[in-house]
Amino acid sequence: MSAASGSEKPSANPSSASDRSGRDDRRGGPDARRSSRTDRLVGWLLVVGLLAVPMAVIPGDDLTIVSLWGFVGAPGSDGVLGVGGYPVWAYFLDQPRSFGSLPASIRAWPLAIGFHLLAAASATAGVALGREDRRVTGGLLALAAAASLWVAVGVAVRFGAGATAGWLAVLPVGALATLAVAVGVYGSDLRGAVER
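Quick caveat, the model's predicted, so the values are computed rather than measured.

Caption draft 1: Representation of the sheet that holds strand β2 (residues 64–67). In space, the 4 strands of this open sheet follow the order β1-β2-β3-β4, with antiparallel pairing throughout. A strand with exactly one partner marks an edge of an open sheet, and here the two such strands are β1 (56–58) and β4 (84–87). The mean inter-strand angle of the sheet, taken between neighbouring strand axes irrespective of direction, is 15 degrees.

Written as structure tokens, this is what we have:
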């Protein structure tokens, strides 16, 4: 019995799982690892970038930006040059009222910060250690979007949105951007968690 008889079994060699284009189709192959690392890096850049996106923008003569980190005011119509800022920690420390007596939308501000930071830490673990539960990162982003929207709606109510100022008195930029990243980057992972 010759080994070259033509009735050989297909080789169980894992290297034979490559297709003609040179890609490795095996789960966990070089292209899958490279793609996974690239996806994690892109996700990380987007999640960390959300830390700089304002939660709300209040357009008008005195443009005001409500960021995760505080208020930023642009020069107004009075001709004064420069940009003023008021950090969030100073805002909470300067309050004469207790935290519990503040409006619910203001109390949601630290939640928005916390959810964003936890999502950034989760995405960072994915890039640095190769360990990220993308469902956790996506879920944290969804919670961050909800908290950011809550803050923006609260600011809008204080600025009279829907009454005299109109619905575009406050633009919820942060909530929209965060939700876009949660759905665009982590949406399939979140759907997979819900469908189980």
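And the narrative resumes.
Caption draft 2: Molecular detail of helix α3 (residues 104–128). Spanning 25 residues, α3 covers 36 Å between terminal C-alpha atoms, matching the ideal 36 Å at 1.5 Å per step. Immediately downstream of α3, the backbone of Gly-130 shows phi near 75 degrees, a positive value.

Caption draft 3: Structural detail: the confidence of the model for the chain. Mean pLDDT for the chain: 79, with 72% of residues reaching 70 or above. Mean pLDDT per element in the chain: helix α1 (residues 30–49) is the minimum at 79, and α3 is the maximum at 94. Low pLDDT (under 50) marks residues 1–27, which in the prediction has 12 contacts with non-local residues, meaning those over four places away or in another chain.

Caption draft 4: Spatial organisation of the nonpolar core. Residues Val-47, Met-55, Trp-109 and Leu-141 are the most contacted members of the largest nonpolar core, which totals 30 residues. When contributions to this core are tallied by element, the ones reaching two or more residues are β1, α2 (88–93), α3, α4 (134–158) and α5 (173–195). Broken down by element, this core gets its largest block of residues, 8 residues, from α3.

Caption draft 5: Structural detail: the packing of aromatic side chains. For the structure on display, the rule yields 8 aromatic pairs. Here Phe-71 and Tyr-91 contribute two aromatic rings whose centre-to-centre distance is 5.7 Å and whose plane-to-plane angle is 65 degrees, an arrangement assigned as edge-to-face. Remark: Tyr-91 occurs in helix α2 and Phe-71 occurs in strand β3 (residues 70–73); sequence separation between them is 20 residues. Residue classification places Phe-71 among the partly exposed residues on the basis of a relative accessible area of 23%. Its relative accessible area of 16% is what places Tyr-91 among the buried residues. Here the aromatic rings of Phe-71 and Trp-109 are separated by 5.3 Å at their centres, their planes lie at 85 degrees, and the arrangement is edge-to-face. On the criterion of sequence distance, the pair formed by Phe-71 in strand β3 and Trp-109 in helix α3 is long-range, its members being 38 residues apart. Taken together, the ring pairs connect Phe-71, Tyr-86, Tyr-91, Phe-92, Phe-99 and Trp-109 into an aromatic cluster.

Parameters at a glance
Residues numbered from 1 in each chain as written. Predicted model: local features only at pLDDT ≥ 70, side-chain atom pairs only at ≥ 80, totals over all residues. Heavy atoms only, no water. Pairing = 2+ DSSP bridges. Helix = DSSP H or I, 4+ residues; strand = E, 2+ residues; numbered from the N terminus. Axes fitted to C-alpha atoms, helices over the stretch in contact; angles between N-to-C directions. Expected span 1.5 Å × (residues − 1). pLDDT = per-residue confidence, 0-100. Contact = heavy atoms within 4.5 Å. Core = buried A, V, L, I, M, F, W, Y, C linked by side-chain atoms within 4.5 Å. Buried < 20%, exposed > 50% of the residue type's maximum accessible area, 1.4 Å probe, protein only. Phe/Tyr/Trp six-rings, centres within 6.5 Å; stacked < 30°, edge-to-face > 60°.

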